[in-house]
Amino acid sequence: MKISPSILSADFTRLKDELKAIEAAGADYVHVDVMDGHFVPNITIGPFVVEAIKKATRLPLDVHLMIEEPERYIDDFAKAGSSIVTVHVEATRHLHKVVQMIRDKGLKAGVSLNPATPVHTLDDIIGDVDLVLIMSVNPGFSGQGFIPSALKKIEAVRRMIGETGRAIELEVDGGIKVNNIKEAALAGADVFVSGSGVFGTNDYGKTIEAMRKEISPVRLKA
Ligand code: DX5
Ligand code: ZN
């Protein structure tokens, strides 16, 4: 079970301190939300800032690309120091190709589904990925409420992963807090993104500890 705080909710005037703080608080990954103003309404950061983040933390960078035609930027995000690169199935016509591009760089490849995208869109790609990311909000902004129908999708994807027999991470992103993280774990998620749920609290260490306490008794179904 891994916690991946989303730096989108961090104080960007103190980014290095924020990164050190989540590292000390026991985070497993740093979730980096990249938005292009086309795939989603918001614009956030690009490879240049990802490179700076990489220099400021030892944690693996879990880079979530909410951009159209992500194939155009895989090289840049690989060079910037990403460990995991996740693309949206809705954002490219060449999903298989982009997944191969990511893996050819020696990185973990993730694919993500928006709330209304059915899980069967993963049928012919799941065998090639290292991570599936289920969006539990509409991508674009932090601080939104968890969409409950994501739980059924997580359950379905957990079953699909079981059928592959491969170790594929199942990440949930959007509206995750101490009070609902357990539901997502029970549904089958094993990587939990949380933006405002961590950075919106006073003590990141206590928050991550409380999250782990919620999810640690949960055993994943095979
Ligand atoms: C939404 C992003 C999320 C977001 C999470 O588009 O992909 O990673 O920052 O923030 P919270 O946890 O506040 O919903
Ligand atoms: Zn994200």
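Placed above this text is the structure.
Here we summarise the structure given alongside this text. (Residues numbered from 1 in each chain as written. Chains lettered and ligands numbered in written order. Predicted model: local features only at pLDDT ≥ 70, side-chain atom pairs only at ≥ 80, totals over all residues. Heavy atoms only, no water.)

## Examining the overall build of the protein chain
Stated precisely, the cut-off is as follows: Put simply, DSSP H or I for four residues or longer makes a helix, DSSP E for two residues or longer makes a strand, and each gets a number counted from the N terminus. Radius of gyration means the value over C-alpha atoms here, while the globule rule gives 2.2 Å times the residue count to the 0.38 power. In short, Shrake-Rupley with a 1.4 Å probe defines the accessible areas, and a residue's cover is counted only from the protein chains shown. Only four residue types enter the charge count, namely Lys and Arg as positive and Asp and Glu as negative; His and the chain termini do not. Working definition for charges: the position is that of NZ of Lys, CZ of Arg, CG of Asp or CD of Glu.
Within the protein chain, the secondary structure is distributed over 8 helices and 8 strands. In summary, the protein chain has a C-alpha radius of gyration of 16 Å against a globular reference of 17 Å for 222 residues, a match within 12%. Principal-axis analysis of the C-alpha atoms places the extent of the protein chain at approximately 45 × 40 × 30 Å. With an accessible surface of roughly 9,900 Å², the protein chain has 51% of that area assigned to carbon and sulfur atoms. Between the centroid of the 26 positive side chains of the protein chain and the centroid of its 30 negative side chains there is a distance of 4 Å.

## So, the pattern of salt bridges
Put simply, the rule reads: Any Lys or Arg side-chain nitrogen located within 4 Å of an Asp or Glu carboxyl oxygen qualifies as a salt bridge. Partly exposed describes any residue whose relative accessible area lies between the buried limit of under 20% and the exposed limit of over 50%, with all areas from a 1.4 Å probe on protein chains only and scaled to the type maximum.
Scanning the entire structure with this criterion turns up 14 salt bridges. Of the charged contacts in the structure, one is a salt bridge between Arg212 and Asp28, with a shortest N-O distance of 2.9 Å. A residue pair is termed long-range when its members are at least 10 positions apart, and Arg212 in helix α8 (residues 204-215) and Asp28 in the loop between α1 (15-24) and β2 (30-35) qualify at 184 residues. The class for Arg212 is partly exposed, based on a relative accessible area of 27%.

## Some points on the coordination of the zinc ion (ligand 2)
Short version of the rule: Coordination partners: N, O, S within 2.8 Å of the metal, 3.2 Å for Na, K and Ca; water not considered, so apparent gaps in a site are possible. Think of it this way: with four donors and all angles in the 85 to 135 degree range, the site is tetrahedral; with four or six donors, opposite ones beyond 155 degrees and the rest between 65 and 115, it is square planar or octahedral; otherwise it is irregular.
The coordination sphere of the zinc ion (ligand 2) contains the protein donors His31 (NE2), Asp33 (OD), His64 (ND1) and Asp173 (OD), at a distance range of 2.1 to 2.3 Å. Taken together, the 6 donor atoms coordinating the zinc ion (ligand 2) and their angles of 70 to 170° define a geometry best described as octahedral. Along the chain, the residues donating to the zinc ion (ligand 2) are arranged with the sequence spacing H-x1-D-x30-H-x108-D. Here His64, found in strand β3 (residues 61-66), pairs with Asp173, found in strand β7 (residues 169-173); they are 109 residues apart in sequence, far enough to count as distant. A residue is classified by how much of its surface remains accessible, and His64, at 0% relative accessible area, is buried.

## Regarding the sheet that holds β2
Definition in use: Pairing between two strands requires that DSSP report at least two bridges joining them. An axis is simply a line fitted to the C-alpha atoms; with a helix, the fit covers only the stretch in contact. Between two such axes, the angle follows the N-to-C directions and lies from 0 to 180 degrees. Should any heavy atoms of two residues lie within 4.5 Å, those residues are considered in contact.
The parallel open sheet is built from 8 strands, whose spatial order is β1-β8-β7-β6-β5-β4-β3-β2. The sheet terminates laterally at β1 (2-5) and β2, the two strands that pair on one side only. Each strand of the sheet is rotated relative to its neighbour by a mean of 25°, with strand direction disregarded. As defined by bridge partners, β3 adjoins strand β4 (residues 84-88) across 4 bridges and the pair is classed as parallel. For His64, the partnering residue across the bridge sits in β4 and is Thr86. Contacts from helix α2 (residues 47-56) reach β2 and β3 within the one sheet, and its direction differs from that of β3 by about 165°. Together, β1 and β8 (191-194) form the strand contacts of α8, whose direction differs from that of β1 by roughly 145°.

The values reported here are purely geometric and, on their own, carry no functional implication.
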